[in-house]
Amino acid sequence: MSDSHSSQNFETVAIHAGNTADPLTGAVVPPIYQVSTYKQDGVGGLRGGYEYSRSANPTRTALEENLAALEGGRRGLAFASGLAAEDCLLRTLLGPGDHVVIPNDAYGGTFRLFAKVVSRWGVEWSVADTSDPASVRAALTPRTKAVWVETPSNPLLGITDIEAVAQIAREAGAKLVVDNTFASPYLQQPLALGADVVVHSMTKYMGGHSDVVGGALVVDDAELGEELAFHQNAMGAVAGPFDSWLVLRGIKTLAVRMDRHSENAERVVEMLTRHPRVTNVLYPGLASHPGHEVAAKQMKSFGGMVSFQVEGGEEAAVAVCDRARLFTLGESLGGVESLIEHPGRMTHASVAGSALEVPADLVRLSVGIESADDLLADLQQALG
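Residues numbered from 1 in each chain as written. Predicted model: local features only at pLDDT ≥ 70, side-chain atom pairs only at ≥ 80, totals over all residues. Heavy atoms only, no water.

1. Overview of the layout of surface pockets
Here is step 1 of the chain: Roughly 420 Å³ of volume is contained in the largest pocket.
Here is step 2 of the chain: If you trace the largest pocket, you find 30 residues lining it, with Y107, N154, S201, K204 and L333 closest to the centre.
Here is step 3 of the chain: Secondary-structure elements contributing two or more residues to the lining of the largest pocket are α3 (82-93), α4 (108-117) and β6 (197-201).
Here is step 4 of the chain: In terms of residue class, the lining of the largest pocket is made up of nine nonpolar, 14 polar and seven charged. (1 Å grid on protein atoms, 1.4 Å probe; cavity = no way out; pocket = protein on both sides within 12 Å on 5 of 7 lines; lining within 4 Å. Points joined across faces, edges and corners; volume = space filled by probe spheres on them. Helix = DSSP H or I, 4+ residues; strand = E, 2+ residues; numbered from the N terminus. Nonpolar A, V, L, I, M, F, W, Y, C, P; charged D, E, K, R; others polar.)

What follows is the structure, given as structure tokens:
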């Protein structure tokens, strides 16, 4: 984080970091620099270092400075999607013959990237229960270059002790990568807990309004930041200026939105735990959750994602999704509106038959910021 924001609280940093008033007009919101190239003052005479918008764009620069400040890192990089960010990271860190430890509960797209794409480069991977540090340690090999963690995880809301796993990875000479999408930097800051890289799908809570797709990487190591920036430019899957502007706008209300997401989720969880048709509720805010104590230690609150299982198996879970009215049936998460989905048939279909396969009776909720009373009424009628 830059010195100018290091002493400020999160809500202030979210609104002001990277958001300098326009020097020409005084506009308090950074302009959308919808431009591909820049006039040079003679050969090599760049104004502010800008020559071509794949390499750098002022609107994207504002977002990247903001991302770094929010996560307490030195370098933030914005990409066209979360998977584009992951792809850039993996191609920067890994080469043929290297090995990665991945979680047994991860986003289906991340698993697909490892299983169907990265493996074709000669990179090997193995699965560990990252909520158990001993499982992570057992999965390491002399060729392990990275340990990949989601916490809370998608879709089973597992919790990993970032400090403990960071120590294990460091001892093995591997980088710890933490996907912080479910928590957002408002609820959790992995770099401060020892992680080397933070990954975000900015499509989710950072954007917050279901109107933009984007990804981010944040690091505290300046050298690694330079390597990632080289690959970002060389590979080119960058966030466009309008998308960057939309995420910057979303981040300004991140703190207040996350507070409401968390409050509403707690109300939803309270109802689900009492419902006779619900057989299991997965939420780190529950004292019965195996990761509750770790989550309470490393998170500000427990977030807006809730998963639950229903009696009657897969067809019953699908029926709950179909009967919901206020909860929109759709993939993605983190928007102001509430979403419901069946992971086994939707977001996690790619992990079917693997060690990451999710329960068929599972329903995942992204609890929005509507009236909690209205959300509860919709879920009650959907459950029947």
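2. Focus on the sheet that holds strand β5 (residues 175-179)
Here is step 1 of the chain: The mixed open sheet is built from seven strands, whose spatial order is β1-β7-β6-β5-β4-β2-β3. With one partner strand each, in any of the chains shown, β1 (75-79) and β3 (124-128) form the two edges of the open sheet. Taking each pair of neighbouring strands and ignoring which way they run, the sheet shows an average axis angle of 20 degrees.
Here is step 2 of the chain: Bridge analysis of β1 against strand β7 (residues 215-219) gives five bridges, and the strand direction is antiparallel. Residue pairing in the sheet places G76 in a bridge with V218 of β7.
Here is step 3 of the chain: On the sheet, helix α2 (residues 58-71) packs against β1, β6 and β7 and is oriented at approximately 130 degrees with respect to β1. (Pairing = 2+ DSSP bridges. Axes fitted to C-alpha atoms, helices over the stretch in contact; angles between N-to-C directions. Contact = heavy atoms within 4.5 Å.)

3. Let's talk about helix α9 (residues 241-251)
Here is step 1 of the chain: Residues of α9 that are buried: P241, S244, L246, V247, L248, G250 and I251.
Here is step 2 of the chain: Contact partners of the buried residues in α9: α1 (10-16), α2 and α10 (254-274). (Buried < 20%, exposed > 50% of the residue type's maximum accessible area, 1.4 Å probe, protein only.)

4. Examining the environment of Y283
Here is step 1 of the chain: Along the chain, Y283 falls in the loop between β8 (278-282) and α11 (292-298).
Here is step 2 of the chain: Counting along the chain gives 22 residues from Y283 to M305, while the straight-line C-alpha distance between them is 7.5 Å.
Here is step 3 of the chain: Setting aside its immediate chain neighbours within four residues, Y283 contacts S262, A265, E266, V269, H289, F302, G303, M305 and V306.
Here is step 4 of the chain: A polar atom in the side chain of Y283 sits 2.8 Å from the backbone oxygen of G303. (Polar contact = N/O pair within 3.5 Å; in protein donor to acceptor, adjacent residues only side chain to side chain.)

5. Here's the deal with the sheet that holds strand β11 (residues 339-341)
Here is step 1 of the chain: Pairing is mixed in the open sheet, where five strands are placed in the order β8-β9-β12-β11-β10. Either end of the sheet is taken by a strand with one partner, and the two such strands are β8 and β10 (328-329).
Here is step 2 of the chain: Direction of pairing for β8 relative to strand β9 (residues 305-310): antiparallel, over a ladder of four bridges. In the strand pairing of β9, V281 is matched with F308.
Here is step 3 of the chain: Those strands touched by helix α12 (residues 313-323) are β9, β10, β11 and β12 (362-366), and its axis lies near 130 degrees from that of β9.

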